[in-house]
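Geometric and topological summary
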Amino acid sequence: MTTSELTLPQTRERKGRSRRVMGAGKQLHAGPVTYIVLTVFALVSLAPLVWTAIAASRTDRRLAQTPPPLWFGGNLFKNLQAAWDQAGLGTAMLNSVIVAGTITISTVLFSTLAGFAFAKLKFRFSGVLLLLTIGTMMIPPQLAVVPLYLWMSDLGWSNQLQTVILPTLVTAFGTFFMRQYLVQALPTELIEAARVDGASSLRVVWHVVFPAARPAMAVLGLLTFVFAWNDFLWPIIALTQQNPTVQVALNSLGTGYVPDQAVIMAGALLGTLPLLIAFILFGKQIVGGIMQGAIKG
Amino acid sequence: MTSSKQALAHPASSAEAASGSQPGAARGAHGSGTKPPDPDSWRSRLYRWDMKASPYAFISPFFIIFGAFSLIPLLYTAWYSLHNVQLSSLDTQTWAGLDNYKNLLSSDFFWNALKNTFTIGVISTVPQLLAAIGLAHLLNYKLRGSTVWRVVMLTPYATSVAAATLVFTLLYSWDGGMINWFLHFVGIDPINWRESDWGSQFAVSSIVIWRWTGYNALIYLAAMQAIPTDLYESAAIDGANRWQQFRHVTIPQLRPTILFTVVVSTIGATQLFGEPLLFGGVSGSKGGSEHQYQTLGLYMYDQGWIIGNLGKASAIAWSMFLILLIIAVINMLLTRRMRKSQ
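Residues numbered from 1 in each chain as written. Chains lettered and ligands numbered in written order. Predicted model: local features only at pLDDT ≥ 70, side-chain atom pairs only at ≥ 80, totals over all residues.

Some details on the overall build of chain B
The test is simple: Helix numbering and strand numbering both begin at the N terminus, where a helix is a DSSP run of H or I of at least 4 residues and a strand a DSSP run of E of at least 2. Residues with at least 20 neighbouring C-beta atoms inside 10 Å of their own are called buried, those with 12 or fewer are called exposed, and the rest are partly exposed, where every C-beta is derived from the backbone. Contacts here follow a simple rule: the backbone-placed C-beta atoms of the two residues must lie within 7 Å.
Check the secondary structure of chain B and you find 14 helices and two strands. Relative to its full complement of 342 residues, chain B shows a buried share of 39%. Long-range pairs, those at least 24 residues apart, make up 65% of the contacts in chain B with a sequence separation of at least 6.

Shown next as structure tokens:
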């Protein structure tokens with residue numbers, strides 16, 4: 001009691017002084033200029049998306065005229081329907097849900113296992129193998145697509161979804177992300193205690209690792225879903241408009257599959273909508289995940 | 001099982017007895033492990049095996065997937081780059097030696113693509129990272145609704161390359177495009193963003209900048225928040241104003257993060273593909289009528305899947321990889337020099 005009373009004025013004094021002396025500390029409140037500049041950044045971020053919706057609600061003819069439309073027209077649902085049916089966005093969305101969903105579940109699961117091993121288990125070559133894992137992130141996907149394409153043709157897998165699912169079932173990024181999280185979040189004593197009780201490795205994973213890793217697994221799941229939904233190079237080589245993912249369907253739109261600009265914008269809007277909804281619901285977690293990955297990475 | 005085990009245990013213990021003393025704790029523990037009744041021992045053996053094997057089992061999915069879908073294909077790509085592989089006749093692959101590479105080095109389109117990749121890489125990465133540092137600095141203030149600001153800055157990241165490029169292509173259209181319409185207010189004549197040399201490269205870069213600035217800002221923000229406050233306090237006591245603090249405390253502390261983002265952006269810029277492909281519309285793989293914005297990634301796709309020369313495409317892929325390796329080495333040397341100079 002007495003000590004806290006004694007220290008109180010002191011801290012208050014220090015706070016006051018530091019605010020006076022410090023210029024760019026972290027507790028500094030933003031002034032109006034900061035808010036104005038941030039608003040400009042926010043407008044640049046959001047305007048193209050809002051304008052996509054505006055363009056999707058207009059007609060092709062109107063979009064070719066000057067000045068460009070600045071407010072919504074009445075054709076949104078007509079264009080969305082055309083994108084859904086004619087441009088194959090309906091099939092594409094379903095396919096993308098299957099592809100991105102499978103990749104997400106498997107990446108989160110396998111990355112957690114591998115991340116746990118790298119974070120907490122002692123084994124030979126673990127350091128080298130971890131470095132190798134990180135190093136693989138440098139390899140461009142272009143280096144694999146020619147043989148993958150040839151093998152896929154040999155197997156008769158053209159246009160089948162497993163061709164785009166299999167190569168990304170687990171990622172180096174996910175493994176590293178989970179490792180960085182578990183190094184700190186999972187107390188080694190907890191594993192040792194379970195070991196002393198005679199728990200097998202799988203039991204340890206199930207009862208100790210997964211519960212501790214759950215927050216990071218959720219964030220990795222979101223990041224992986226965004227990545228898998230937006231993956232472009234390999235899907236447009238492996239799949240065609242007959243059985244597209246969203247990005248393949250959008251690519252077809254861009255190369256004149258349906259020449260109506262308003263329908264193209266409706267397609268772009270539809271294909272982005274699931275992720276925009278995810279950002280509205282889980283934006284905080286996604287932001288946190290990217291920042292968390294950054295500090296330690 | 002049991003008998004052989006006991007038989008094994010005997011020589012060990014007799015050897016121990018012969019040596020006359022305790023030859024190390026590890027051996028003693030091992031010997032005592034065989035003493036308890038049998039059911040326990042196979043269990044403990046299983047347990048030990050589990051302890052030894054499980055780490056490898058846990059990391060194996062990654063290495064299996066990486067091996068099957070990256071490492072082996074990467075080696076095959078090298079093999080194909082030394083062969084004549086045509087999309088139209090996949091069954092006949094003839095040895096070509098270094099022909100594909102020679103072909104590349106004497107091709108104007110290859111050098112053009114290399115130059116474009118470099119130019120677009122620079123004009124998309126440099127402004128992007130500078131803007132991201134500035135944005136991160138602003139986001140680091142105490143803000144009302146700070147989470148909302150961060151999420152808003154990240155929304156372009158949710159937009160796929162394809163969706164973003166379709167939208168920007170329309171915004172940049174010559175006739176009736178939003179950007180030319182804005183420019184006419186400041187008295188600038190309509191720019192033909194698709195045909196002009198620098199205009200198209202600028203347009204393609206702007207898509208990259210739009211999608212990635214917020215993401216990089218969050219990475220810088222995370223690093224800024226990890227800078228200890230007392231560094232600023234002591235700088236302030238030394239009389240540094242806010243700009244000087246930013247210049248002499250924030251930037252040096254961010255150096256590893258800046259390096260990290262430069263590396264990641266460089267890797268991304270070397271592979272740039274989707275933006276120029278879709279910006280070009282129907283003949284996208286050519287990168288414009290004069291190949292103004294054909295990047296290496298686009299050139300590879302064009303040679304491999306539009307023209308159908310997969311051997312040459314493989315050679316382009318390996319050239320990209322070699323370029324990345326060179327960049328990585330330069331980067332490492334620079335980092336080492338920076339560390340030394342500090």
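Digging into the overall build of chain A
Counting its regular elements, chain A contains 14 helices and zero strands. Walking chain A from its N terminus toward its C terminus, one meets helices and strands in the order α-α-α-α-α-α-α-α-α-α-α-α-α-α. Taken across its 297 residues, chain A has 43% of its residues classed as buried. Once local pairs closer than 6 in sequence are excluded, the contacts in chain A between residues at least 24 apart make up 75%.

Considering the domain arrangement of chain B
How big an interface is tends to be expressed through the accessible area that disappears when the partners come together. All names here are of chain B. Cut-off, in case you're wondering: Where each domain begins and ends follows an automated or database-derived domain assignment. Each residue gets one of three labels, nonpolar for Ala, Val, Leu, Ile, Met, Phe, Trp, Tyr, Cys and Pro, charged for Asp, Glu, Lys and Arg, and polar for the others, Gly among them.
Partitioning chain B into structural domains gives domain 1 (2-95) and domain 2 (100-341). In this assembly, ten residues from domain 1 lie in contact with nine residues from domain 2. By residue class, the composition of the side of domain 1 that touches domain 2 is four nonpolar, six polar and no charged.

What to know about the interface of chain A and chain B
On the side of chain B, 91 residues touch chain A, which itself brings 88 residues to the contact. Looking at which element gives the most residues to the side of chain A that touches chain B, the answer is helix H14 (residues 261-296) of chain A, with 17 residues.

What about the pairing of strand E1 (residues 83-86) of chain B?
Residues and elements named next belong to chain B. Rules: What makes two strands pair is DSSP finding at least two bridges between them.
Across three bridges, E1 lies against strand E2 (residues 89-95) in antiparallel orientation. Paired with His83 across the two strands is Trp95, which belongs to E2. A loop of two residues connects E1 with E2, the two strands running antiparallel in sequence.

A closer look at the confidence of the model for chain A
Put simply, the rule reads: Confidence scores here are pLDDT values: one per residue, from the predictor, ranging 0 to 100.
Mean pLDDT over chain A works out to 87, with 90% of the residues at or above the 70 mark. Considering only residues more than four positions removed or in separate chains, one finds that residues 1-26 of chain A, a stretch of pLDDT under 50, has 20 contacts.

Some details on the nonpolar core
Worth spelling out the cut-off: Think of a nonpolar core as buried Ala, Val, Leu, Ile, Met, Phe, Trp, Tyr and Cys residues, each tied to the set through C-beta atoms within 7 Å.
Counting residues in hydrophobic clusters, the biggest one holds 149 residues, and the most contacted among them are Met265 of chain A together with Leu166 and Tyr220 of chain B. Both domain 1 (2-95) and domain 2 (100-341) of chain B contribute no fewer than three residues apiece to this core. Dropping the residues within four chain positions of it, Tyr220 of chain B is found in contact with Ala132, Ile133, Ala136, Leu254 and Thr257 of chain B.

A look at the packing of helix H11 (residues 242-270) of chain B against helix H14 (residues 310-341) of chain B
All names here are of chain B. We count it as follows: The convention used is that axes are lines fitted to C-alpha atoms, helices contributing only their stretch in contact, and that angles between N-to-C directions extend from 0 to 180 degrees. Should an angle fall under 35 degrees it is called roughly parallel, over 145 degrees roughly antiparallel, and 65 to 115 degrees roughly perpendicular, with every other angle called oblique. Each crossing gets its handedness from the near helix: less than a right angle anticlockwise from the far helix is left-handed, clockwise is right-handed.
Two elements in contact, H11 and H14, have axes separated by 10 Å at closest approach and are oriented at 165°. Taken as axis vectors, H11 and H14 run roughly antiparallel relative to one another. Like other packed secondary-structure pairs, H11 and H14 cross with a definite hand, here right-handed. Residues Leu259, Val263, Thr266, Ile267 and Thr270 of H11 lie in contact with H14, whose contacting residues are Met320, Ile323, Leu324, Ile327, Asn331 and Thr335. Class assignment for the residues of the contact of H11 with H14 results in seven nonpolar, four polar and no charged.

Side note on helix H9 (residues 197-225) of chain B
Residues and elements named next belong to chain B. Rules: Helix span, expected: 1.5 Å multiplied by one less than the number of residues in the helix. Bending is quantified residue by residue as the angle between axes fitted to the seven-residue window ending at that residue and the seven-residue window starting at it.
Over its 29 residues, H9 runs 41 Å from end to end, which matches the ideal 42 Å to within 8%, given 1.5 Å per residue. The sharpest bend along H9 reaches about 40° and sits at Trp212. Of all 29 residues making up H9, 23 are buried, and the element is well covered by its neighbours.

Section: the environment of Ser45 of chain A
Tracing the backbone shows Ser45 of chain A in helix H2 (residues 32-56). Of the residues examined, Ser45 of chain A has 22 C-beta atoms within 10 Å and is grouped as buried. Non-local contacts of Ser45 of chain A, meaning those with residues more than four positions away in its chain, are made with Val152, Met153, Thr155, Pro156 and Gly214 of chain B.

Re H14 of chain B
The end-to-end C-alpha distance of H14 of chain B is 46 Å, a good match for the 46 Å that 32 residues give at a rise of 1.5 Å each. Among the residues making up H14 of chain B, those that are buried are Leu310, Gly311, Lys312, Ala313, Ser314, Ala315, Ile316, Ala317, Trp318, Ser319 and Met320 of chain B.

A closer look at the packing of helix H5 (residues 89-120) of chain A against helix H13 (residues 246-254) of chain A
Residue and element names in this part refer to chain A. The contact between H5 and H13 brings their axes to 7 Å, and the two run at 150°. Viewed along their axes, H5 and H13 adopt a mutual orientation that is roughly antiparallel. Residues Leu89, Ala92, Met93 and Ser96 of H5 lie in contact with H13, whose contacting residues are Val246, Val248 and Ala249. Taken together, the residues that form the contact of H5 with H13 break down as six nonpolar, one polar and no charged.

Looking at the confidence of the model for chain B
All names here are of chain B. Here chain B averages 85 in pLDDT, while 88% of its residues score no lower than 70. Across residues 1-37, where pLDDT falls below 50, the model places eleven contacts with residues more than four positions away in sequence or in other chains. Both scores are given for the predicted complex: the pTM is 0.85, the ipTM 0.86.

Re unusual backbone geometry
Across residues other than glycine, the phi torsion is negative in most instances, and most of the peptide bonds are trans. Despite not being glycine, Asn159 of chain A shows a phi value in the positive range, around 70°. Residue placement: Asn159 of chain A occurs in the loop between helix H7 (142-155) and helix H8 (162-165). Positive phi values are uncommon outside glycine, yet His291 of chain B reaches one of about 60°. Locating His291 of chain B in the fold gives a position in the loop between helix H12 (274-279) and helix H13 (296-306). Of the residues examined, His291 of chain B has 18 C-beta atoms within 10 Å and is grouped as partly exposed.

Section: the environment of Thr92 of chain B
Residues and elements named next belong to chain B. Of note, Thr92 is situated in strand E2. Look at Thr92 and you get exposed, because 10 C-beta atoms sit within 10 Å. Residues Thr92 and Ser54 lie 38 residues apart in sequence; the distance between their C-alpha atoms is 45 Å.

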